[in-house]
Amino acid sequence: MHSPVVVLGGGPGGYAAAFLAADEGLDVTIVEAEPRLGGTCLLRGCIPSKALLHVAKVIHEVDDLKANWGVEYPGKPSIDIDKVRARKDQVISNLTGGLGNLAKRRNVTVIQARGTFVNSTTLQLEGDHESIPVGGQLTFDHCILATGSVPAMPPAFNIGSDRVMDSTGALALADIPESMLVVGGGYIGLEMGSVYAHLGSKVTVVELAEGLLPGADRDLVKPLAKRIDKLCEGRVLTNTKVGSLTEVGDKIEVTFEGPAHFGHEQFDRVLVSIGRRPVTRGLGLENTSVVVNERGFVECDDRQRTADPHILAIGDVAGDPMLAHKATHEGRVAAEVLAGKAASFDKKAIPAVVFTDPEIAWAGITETEAKRDGVKVTVEVYPWAASGRAQALGITEGLTKWLVDPDSGRIIGCGIVGSGAGELIAEAVLAIEMGCEVHDVTESVHPHPTLSETLMNAGEVHFGTATEIFKPKRKPASVG
Ligand SMILES: Cc1cc2nc3c(=O)[nH]c(=O)nc-3n(C[C@H](O)[C@H](O)[C@H](O)COP(=O)(O)OP(=O)(O)OC[C@H]3O[C@@H](n4cnc5c(N)ncnc54)[C@H](O)[C@@H]3O)c2cc1C
Ligand SMILES: NC(=O)c1ccc[n+]([C@@H]2O[C@H](COP(=O)([O-])OP(=O)(O)OC[C@H]3O[C@@H](n4cnc5c(N)ncnc54)[C@H](O)[C@@H]3O)[C@@H](O)[C@H]2O)c1
């Protein structure tokens, strides 16, 4: 069988690339190993985790009503874990079913098989699904490689016990363990740790680095770290390493090694969330001219082209950040490149959102990166305590900040911590992409009372015109 364009992998990178290429008039086949399109994001990532985080947020808000707003009701919320799981699975089914229909309506062929490269223009397909062509070979003019990533599970943690879970295991929500250790205080550890803590588990978080979410700006992480610490009843062990895991009866015994915490302790379940690795091994890439770097990512240019003229790469397999919207955007670029358009990707404003409560979001350059790279920035911070909407909602721990190029006055970065930060950051992405100056934001009328005003207000801090703050402190332009 021959298909001019083949997309290997049907995640948010792969299906976006395939659908857009078909819309451009190309003849497209998706090869996906699993029975459903959707990839990590829909089946075991973004969507199920956000469905569960919604439950966690509502539980928190109910507690807040009781503690701070005089709303009384008897007892604690009781949780029917089967119903929570069923609702989460329904959300996944709704979305993945829709994708199958969208592929059909575009005449995109979907083959359910595992593909490996025989050479630069041929895939060998393995599996037993009827969609696999006789002989199992699929030739193509161009292949878009979109095989994504899988959880990193070092041999020391891979002890063959289902009490030790990766993110997929945690999302399966088999039970609500009494005690749970989360190894890694990054995106997954904090999102899934929050879910389990709100459902009733006693959660301990262990992070190798000095603080949670290493790499993110500390002023953004601080309010979240405080909340997580409260949620985990002080059981956030930073600067600590997990040495070994051993199954002892129906518990996992864990040894801690670190200046802050030493010794061993038992937990009902352990979630290992210490990063993900790109899927490049075992794909037969050595039979092509594709270059894989020392971290396992496929090397490609800003048009998603690899060193092999027949192969493009997108999404998690094509490098950091491993985020669904980055995969989708790269998929669009790859499709347009194959359609002969002058598309390329300037990655200056890919937003990142940690969907905890409070949420953390950033886009463009961060203060941490500016310091590291010696980039001159002026930082304008607006505390949410001065926002009417934040006061009304009782979420005053947040802040919004702009990072401004002091020479041009252009906005080059934004950071937000607070409820809904993930929605608010979209305005910042547009501002950075459009090359806006700070006055473009301050002169755009924002609706009142909303949290979006904090973006306008942080801009007003730049000009000293923020009326809700008594004497705005101006930081001088600084290097780092
Ligand atoms: C718990 C969790 C929560 C997340 N939450 C978010 C979030 O809120 N926001 C966000 O932006 N990102 C989130 N992510 C990251 C996001 O899921 C990934 O960045 C995104 O799915 C990457 O898309 P992709 O298309 O590159 O790869 P994937 O989604 O990983 O898809 C790759 C596909 O390729 C298939 N495949 C692999 N090898 C082969 C082969 N040889 N033959 C055929 N098929 C193959 C796989 O079966 C898979 O379906 C989360 C991830 C996890 C684990
Ligand atoms: N909201 C989102 O967009 C979202 C949500 C989940 C996942 N993701 C994506 O998936 C990726 C993987 O998520 P993740 O949380 O597994 O990785 P991560 O890189 O976000 O965090 C891993 C954390 O584990 C720590 N760590 C590493 N080894 C350790 C050890 N031995 N002991 C203790 N801590 C250790 C690291 O210092 C780091 O803080 C993310 O980087 C992100 O790209 C995104």
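Residues numbered from 1 in each chain as written. Chains lettered and ligands numbered in written order. Predicted model: local features only at pLDDT ≥ 70, side-chain atom pairs only at ≥ 80, totals over all residues. Heavy atoms only, no water.

Named according to an unreviewed UniProt entry, the protein is Dihydrolipoyl dehydrogenase originating from Stieleria neptunia. Per UniProt, the protein has the following entry under Catalytic activity (unreviewed entry): "N(6)-[(R)-dihydrolipoyl]-L-lysyl-[protein] + NAD(+) = N(6)-[(R)-lipoyl]-L-lysyl-[protein] + NADH + H(+)". The UniProt entry for the protein carries the following comment under Sequence similarities (unreviewed entry): "Belongs to the class-I pyridine nucleotide-disulfide oxidoreductase family." (UniProt positions renumbered as here; feature names shortened; annotations may be inferred.)

Caption draft 1: Inspection of the sheet that holds strand 13 (residues 251–257) at higher detail. With antiparallel pairing, the three strands of this open sheet are ordered in space as 12-13-14. With one partner strand each, in any of the chains shown, strand 12 (241–248) and strand 14 (263–267) form the two edges of the open sheet. Within the sheet, the average angular offset between the axes of one strand and its neighbour, ignoring direction, is 25°. Sheet topology places strand 12 next to strand 13; six bridges connect them, and they run antiparallel. For Val242, the partnering residue across the bridge sits in strand 13 and is Phe256. (Pairing = 2+ DSSP bridges. Helix = DSSP H or I, 4+ residues; strand = E, 2+ residues; numbered from the N terminus. Axes fitted to C-alpha atoms, helices over the stretch in contact; angles between N-to-C directions.)

Caption draft 2: Structural context of the site of ligand 1. Surveying the vicinity of ligand 1 reveals 39 residues, the closest of which are Glu32, Thr40, Lys50, Asp316 and Ala324. Note that a nitrogen atom of ligand 1 is positioned 3.5 Å from one of the backbone N or O atoms of Cys46. Within the side chain of Asp316, one N or O atom sits 2.8 Å away from an oxygen atom of ligand 1. Across the complex, the protein chains shield 94% of the 1000 Å² of accessible surface that ligand 1 would expose by itself. Taken together, the elements giving at least two residues each to the shell around ligand 1 come down to helix 1 (12–23), strand 2 (28–32), helix 2 (39–44), helix 3 (46–68), strand 4 (114–119), helix 5 (167–172) and helix 8 (324–338). Among the elements that take part in the shell around ligand 1, helix 2 stands out by supplying four residues, more than any other. (Near = heavy atom within 4 Å. Polar contact = N/O pair within 3.5 Å; in protein donor to acceptor, adjacent residues only side chain to side chain. Areas by Shrake-Rupley, 256 points an atom, 1.4 Å probe, with all protein chains shown as cover.)

Caption draft 3: Structural detail: the packing of helix 6 (residues 187–199) against helix 7 (residues 218–231). The N-to-C vectors of helix 6 and helix 7 enclose an angle of 35°; their axes lie 10 Å apart at closest approach. Read as a crossing pair, helix 6 and helix 7 show a hand that is left-handed. For the pair formed by helix 6 and helix 7, the contact residues are Leu190, Ser194, Ala197 and His198 on the first element and Leu224, Ile228 and Leu231 on the second. Per-class residue counts for the contact of helix 6 with helix 7 are five nonpolar, two polar and no charged. (Left-handed = near helix turned anticlockwise from the far one by under 90°. Contact = heavy atoms within 4.5 Å. Nonpolar A, V, L, I, M, F, W, Y, C, P; charged D, E, K, R; others polar.)

Caption draft 4: Quick look at the UniProt feature "active site" (unreviewed entry) in the protein. As annotated by UniProt and renumbered to match this structure, "active site" (unreviewed entry) occupies His448. For His448, the location among the structural elements is in the loop between helix 12 (438–442) and helix 13 (453–463). Separated by 2.7 Å, the side chains of His448 and Glu453 make a polar contact.

Caption draft 5: Representation of the domain arrangement of the protein within the structure. Domain assignment breaks the protein into domain 1 (2–48 + 82–150 + 277–339), domain 2 (155–274) and domain 3 (352–463). Taking only C-alpha atoms, the centre of domain 1 and the centre of domain 3 are 34 Å apart. (Domains from an automatic or database assignment.)

Caption draft 6: Spatial organisation of the site of ligand 2. Taken together, 20 residues form the shell around ligand 2, and within it Ile188, Glu191, Glu207, Met322 and Val353 come nearest. Contacts to ligand 2 include Ile188, whose backbone N or O atom sits 2.8 Å from an oxygen atom. Take Val353: an N or O atom from its main chain is 2.8 Å from a nitrogen atom of ligand 2. For ligand 2, whose free accessible area comes to 840 Å², the fraction covered by protein is 79%.

Caption draft 7: Examining the UniProt feature "domain: FAD/NAD(P)-binding" (unreviewed entry) in the protein more closely. The sites that UniProt annotates as "domain: FAD/NAD(P)-binding" (unreviewed entry) are residues 5–331. The span residues 5–331 carries 33% helix and 24% strand; its end-to-end C-alpha distance comes to 13 Å.

Caption draft 8: Layout of the packing of aromatic side chains. For the structure shown, the criterion picks out three aromatic pairs. Taking the centre distance of 5.8 Å and the plane angle of 45° together, the rings of Tyr15 and Phe19 count as tilted. Of the two residues, Tyr15 and Phe19 both sit in helix 1, four residues apart, roughly one turn of that helix. With respect to class, Tyr15 is no different from Phe19; both count as buried. Relative to Phe140, the ring of Phe117 has its centre 6.3 Å away and its plane inclined at 85°; by these criteria the two rings are edge-to-face. Residue Phe117 is found in strand 4, and its partner Phe140 is found in strand 6 (residues 137–145); the two are separated by 23 residues along the sequence. The ring of Tyr73 carries the charged tip of Lys66 above its face, separated from the ring centre by 4.7 Å. (Phe/Tyr/Trp six-rings, centres within 6.5 Å; stacked < 30°, edge-to-face > 60°. Buried < 20%, exposed > 50% of the residue type's maximum accessible area, 1.4 Å probe, protein only. Lys NZ or Arg CZ within 6 Å of the ring centre and 35° of its normal.)

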